[in-house]
Amino acid sequence: MINIEIDGKLVETQRGSTVMDAAHKAGVYIPHFCYHKKLSISANCRMCLVEVEKAPKPLPACATPAADGMKVHTHSEMAVKAQKGVMEFLLINHPLDCPICDQGGECQLQDIAMGYGGGASRYSEEKRVVNPKEIGELISTKEMSRCIQCTRCVRFGQEIAGIMELGMANRSEQAQIMSFVNSSVDSELSGNMIDLCPVGALTSKPFRYTARSWELSRRKSVSPHDGLGSNLAVHVKDNKVVRVVPVENEAINECWISDKDRFSYEGLNSAERLTRPMIKQGGQWIEVEWAAALEYVANGLKQLGNSAGAEQIAALATAHSTFEELYLLQKLMRGLGSGNVDFRLRQSDFSADGKLSGAPWLGMPVADINACDRFLVVGSFLRKDQPLLAQRIRQAVKLGANANIVHSADDDLLMPVANKAIVAPADFVNTLAQILKALATVKQVALTADVSQVEVSDAAAKIAASLASGSKVAVLLGNFAQQHPQAAQIASLAEQIAALCDGKFGFLGEAANSVGGYLAGAVPFAGSVHGMNAQQMLEKPRKAYLLLNVEPELDMHNPQLAMSAMKSADMVVCLSAYKHHGMDYADVMLPVAPFTETSGTFVNTEGRAQSFKGAVKPLGDARPAWKVLRVLGNLLDVPGFEFDSSEAARDEGLNTAAIADKLNNHMGETKLDVTVAGSGLQRVSDVPIYSADALVRRAASLQKTHDAATPCVMLNGSELQKLGIQSGDNARVTQGDASVVLTVQVNDQLPQGAVRIAAGHPATAALGAMFGTITVERA
Amino acid sequence: MEKIKDFFKTFLLVELLRGMALTGRYMFARKITVQFPEEKTPQSFRFRGLHAQRRYENGEERCIGCKLCEAVCPALAIKIEVAEREDGTRRTTQYDIDLTKCIFCGFCEESCPVDAIVETRIFEYHGEKRGDLYYTKPMLLAVGDKHEAQIARDRAADSKYR
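Residues numbered from 1 in each chain as written. Chains lettered and ligands numbered in written order. Predicted model: local features only at pLDDT ≥ 70, side-chain atom pairs only at ≥ 80, totals over all residues. Heavy atoms only, no water.

(A) Structural context of the overall build of chain B. Scanning chain B for helices and strands turns up 5 helices and 5 strands. When the elements of chain B are put in sequence order from the N terminus, they spell out α-α-β-α-β-β-α-β-β-α. For 162 residues, the compact-globule estimate of 2.2 N^0.38 gives 15 Å, and the C-alpha radius of gyration of chain B, at 26 Å, exceeds that figure by more than 25%. On the principal axes, the C-alpha backbone points of chain B span a range of 90 × 35 × 30 Å. Out of the 162 residues in chain B, the part that is buried amounts to 31%. Taking contacts inside chain B between residues at least 6 apart in sequence as the whole, the part at least 24 apart equals 69%. (Helix = DSSP H or I, 4+ residues; strand = E, 2+ residues; numbered from the N terminus. Rg over C-alpha atoms; globule rule 2.2 N^0.38 Å. Buried < 20%, exposed > 50% of the residue type's maximum accessible area, 1.4 Å probe, protein only. Contact = heavy atoms within 4.5 Å.)

Rendered as structure tokens:
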């Protein structure tokens, strides 16, 4: 630690830190543009010039290392003169279009110009004009002339997003920020560049001209998408959400959010919103009052329960629902005498149920990821499924950690991957067994019989060697591994691998409440009444289904099975924010509020419960789902449904102080099946980032991005040759009793025998399970 | 002594005659009453009357929807909605001034970066039913179009003090 004096204040700061860091500690504000605490130092805006005693010239605070005994003046005559001079230069080419600029009112340049700018410009020559560039559907660069070349966006791409999609071309007055020729900015974190831009050069395209910053009310919320639970500020104008920006939380999302969190708000104002309760009568949908709709549902469920038994009633909910909704749903079901409730819709292996010691979670706090030095990520489309967790792993890798991958696809993670084993889905267990065997050999530990019989491949040995050499190891299971038909075996092996190298073992949460669902008891093996899991409910069709925010053809592991079960049911009740495909088979549609219109709680993947309030009033006659479930509970005479607020429901179901005791990834003995896959093509399914939940599916701008393109059939070159199909042709893909025609794309990173077809998309919704054999033929 | 003086003053109607003398003087003095509406008082070029929206000489409306007038209006009399026009420029889709709320402070005019919203010399306007004084964008533009010559003259006269 060294001592440094800033504006007469003595501060202690770390050796190697800069004057800017010390000033932050001292609470002294130094004006700046290019400096950002999460990005590297470039010192090119020169706005942070300060006077340092004994230095002949002003020095940039962001790039000057603090030295012991240094005396800095940030507001002395020399410093202010330098800062004013810089400001005048910056304003030479900056257009005077603040009145029409979306950044107006929240612009760093505008703010600092108030303090350091002159009243009038001395510059009378022509101003520089930069032609607008087209860089995609999310970021508008229509006014690139506003750019002050701070290069924050460039550095963000290189350092945080992992891919340099914007760069600065040319020099001096010709210098321009642009993307590479004819390419757009496609990073799943690109929206952060809008926040980073200190001027209005990069602005949000969907938000363009909708509001000025002073008209907006800012309300805190939590992301309902991936398992991270990013903290959001929802900006509201006239009871309508018009923008979403991050709220800084170093323990969760730092100061970033993914594009999914940022732009999904468009789905809230979608024309597909369901605004009135509806009942289908004689094949026609009619709008009714809430009382009538709820009576109808209550009577229907009561009659069915009396005639066919309560176990004929099943409830499915997405993990994007709030804790309160999930808790009340399972309470309602158990009150009716049915344990058929589940939120793990895309899971296919439920053999771990009952053997779990607690709710599966990340196994460590999110912030600890940065400190790990060895990763084994099993079955994860990391960047698309958990964009910000991927970013944290990227930062760790940058500091020297090794990332090891076991997966069926080899998408670019935009970080150096030390070792990877790209295998067909059916070989997952075998591959992990190989790694375990190799690791046990290194650590000289005895093996169980089923593991010792596998043959260790080169890749597995390398991964094992990498893990064995680490001091802080994390073994993480992604969405793909959790959806895998042998998920329990994969988890068991991963746990053993982590245990052998004294590492952490965790699950990357797929959705906002992937942990919360377990805590709420929205699983068939919790509570007093046990029942069927999500798959059994479909395999043995029930007479009535209660669907909470679920679109069965897109959200389920096996949409084919789901659809046939729904169509054969006597009564399907959809609690949904949207009019969706369910209108074909449902009997009642109840409009419930999405996350901005209800209060609730999400328990994120590290087990952190985050409650939020509604930001706007529910649209039309929509109501928060917890209220709907509460009234249903009352109408059905289920005791214990007298809640005045969502907080009361939360407090009954969740002891926030004791969550940690309920998180446990350990599971009992699991029998391993290490046989290698036979012949035939196997499906590999990802859930595309902008198809993952009901809200993003309706976010108009996100749906125009490359990530939301219609899915293709992907195979590697040699498989294509065998089938006699060329890349770009159409192919007929058949699974179960349905087939669809999709465009073929060659993807040589895929293992032999694997066919990659996205799930969760209308184009592939007719197909069956996310895993399993599939046939591809020329269409 | 004073009492006696007062008695005679009252008795001789001195105060009354003094008053009558003043009245008599004004009876023959030059009249200053303005015979409205035949006659009108002179107005400053800064007179703050009915609002108008101006256009550029090429017919393009000046307003760019920056909403500064809406933000500055102390009576919350202005309501603006903005959207991107087909040609990509920022334009208002709604610009309403509720003249029954307006206190004619002139802040809107002062805050406007493009001199789009102005207050004219017109003060003899009225409404016959509720809502007549709720001026919408076409109404404001019509006022501007009709009086542009006078408005421009007034702005020019004021420009040297700004």
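(B) Fine view of the nonpolar core. Residues and elements named next belong to chain A. Among the nonpolar cores identified, the biggest contains 106 residues, and Val378, Ile435, Leu467, Leu477, Ile497 and Leu590 are the most heavily contacted of them. When residues in this core are grouped by element, the largest group, 8 residues, is from helix H11 (residues 428-443). In this view, Val378 contacts Val406, Phe428, Leu432, Leu476, Leu477, Gly478, Ala481 and Ile490; residues no more than four positions away in its chain are not counted. (Core = buried A, V, L, I, M, F, W, Y, C linked by side-chain atoms within 4.5 Å.)

(C) Geometry of the confidence of the model for chain B. Per-chain confidence: chain B averages 93 in pLDDT, with 100% of residues scoring 70 or above. Interface confidence for the predicted complex, expressed as ipTM, amounts to 0.85; the pTM equals 0.92. (pLDDT = per-residue confidence, 0-100.)

(D) Structural context of the interface of chain B and chain A. With 15 residues of chain B in contact, the opposing surface of chain A contributes 12 residues. When chain B packs against chain A, the two sides together hide about 1,000 Å² of surface, and 50% of this comes from carbon and sulfur. Remark: the boundary between chain B and chain A carries 6 salt bridges. For A:Asp102, the salt bridge is made with B:Arg90, and the minimal N-O distance between the two is 3.8 Å. Counting every contact that joins chain B to chain A gives 5 residue pairs in polar contact (both at pLDDT 80 or more). If you list the elements that add at least two residues to the side of chain B that touches chain A, you get helix H3 (68-72) and strand S2 (78-84) of chain B. (Buried area = accessible area lost by both parts, 1.4 Å probe. Salt bridge = Lys/Arg side-chain N within 4 Å of Asp/Glu carboxyl O. Polar contact = N/O pair within 3.5 Å; in protein donor to acceptor, adjacent residues only side chain to side chain.)

(E) Expanded view of empty space enclosed by the protein. Residue and element names in this part refer to chain A. A complete count under the given rule lists 11 cavities of 30 Å³ or more for this structure. Put simply, the largest cavity is a space of about 480 Å³. Forming the walls of the largest cavity are 33 residues, and the residues nearest its centre are Arg344, Gln347, Gln482, Glu510 and Tyr518. Of all the secondary structure elements, the ones that give two or more residues to the lining of the largest cavity are helix H14 (479-483) and helix H15 (487-500). In terms of residue class, the lining of the largest cavity is made up of 19 nonpolar, 8 polar and 6 charged. Roughly 270 Å³ of internal volume is contained in the second largest cavity. Every residue lining the second largest cavity is counted, 20 residues in all, and those nearest its centre are His320, Asn549, Pro594, Phe595 and Leu695. Residues of the lining of the second largest cavity, tallied by class, amount to 9 nonpolar, 8 polar and 3 charged. (1 Å grid on protein atoms, 1.4 Å probe; cavity = no way out; pocket = protein on both sides within 12 Å on 5 of 7 lines; lining within 4 Å. Points joined across faces, edges and corners; volume = space filled by probe spheres on them. Nonpolar A, V, L, I, M, F, W, Y, C, P; charged D, E, K, R; others polar.)

(F) Here's a closer look at the environment of B:Leu141. All names here are of chain B. With respect to the helices and strands, Leu141 occurs in helix H5 (residues 137-159). Taking the C-alpha atoms as reference points, Leu141 and Gln53, separated by 88 residues in sequence, lie 4.7 Å from one another. Residues contacting Leu141, with those up to four places away along its chain left out, are Gln53, Arg54, Arg55 and Glu61.

(G) Structural view of the sheet that holds strand S21 (residues 504-507) of chain A. Residues and elements named next belong to chain A. Across the sheet, 5 strands lie side by side as S19-S18-S17-S20-S21; this open sheet has parallel pairing. Single-partner strands in this sheet number two, and they are strand S19 (419-422) and S21. Strand-to-strand, the axes of this sheet are offset by a mean angle of 15°, without reference to chain direction. Of the pairings in the sheet, the one linking strand S17 (residues 374-378) to strand S20 (residues 473-477) comprises 5 bridges and is parallel in character. Note that in S20 the partner of Val378 across the bridge is Leu477. Relative to S19, helix H13 (residues 458-468) is tilted by about 140°, and along the sheet it contacts S17, strand S18 (402-407), S19 and S20. (Pairing = 2+ DSSP bridges. Axes fitted to C-alpha atoms, helices over the stretch in contact; angles between N-to-C directions.)

(H) Looking closely at unusual backbone geometry. Cis geometry marks the peptide bond from B:Phe36 to B:Pro37, where omega comes out at 5°. Turning to its location among the elements, B:Pro37 is positioned in the loop between helix H2 (14-28) and strand S1 (51-53). For A:Thr151, which is not glycine, the phi torsion reads 65° and is therefore positive. Among the residues examined, A:Thr151 registers a relative accessible area of 11% and is labelled buried.

(I) Quick peek at the side chain of A:Asn533. All names here are of chain A. On the secondary structure map, Asn533 appears in the loop between helix H16 (516-520) and helix H17 (534-539). Classification of Asn533 by relative accessible area gives buried; the value is 8%. In terms of polar contacts, Asn533 uses its side chain to reach the backbone amide nitrogen of Gln535, at 3.0 Å.

(J) Just the packing of aromatic side chains, in detail. Under the defined criterion, the tally for this structure stands at 14 aromatic pairs over all chains. Ring centres of A:Phe343 and A:Tyr518 lie 5.4 Å apart, and the angle between their planes is 90°; on these two criteria the pair is classed as edge-to-face. Within this pair, whereas A:Phe343 is found in the loop between strand S16 (341-342) and S17, its partner A:Tyr518 is found in helix H16, the two being separated by 175 residues in sequence. There is no split in this pair, since A:Phe343 and A:Tyr518 are both buried. Between B:Phe7 and B:Phe11 the ring centres are 6.2 Å apart and the planes differ by 10°, which places this aromatic pair in the stacked class. Residue B:Phe7 and its partner B:Phe11 are both found in helix H1 (residues 2-12); the two are separated by 4 residues, about one turn of the helix. Comparing B:Phe7 with B:Phe11 shows no difference in burial state: the two are exposed. An aromatic cluster of three or more residues is present, and its members are A:Phe381, A:Phe428, A:Phe480 and A:Phe771. The ring of A:Tyr209 has A:Arg208 sitting right over it, with the charged end atom 4.4 Å from the ring centre. (Phe/Tyr/Trp six-rings, centres within 6.5 Å; stacked < 30°, edge-to-face > 60°. Lys NZ or Arg CZ within 6 Å of the ring centre and 35° of its normal.)

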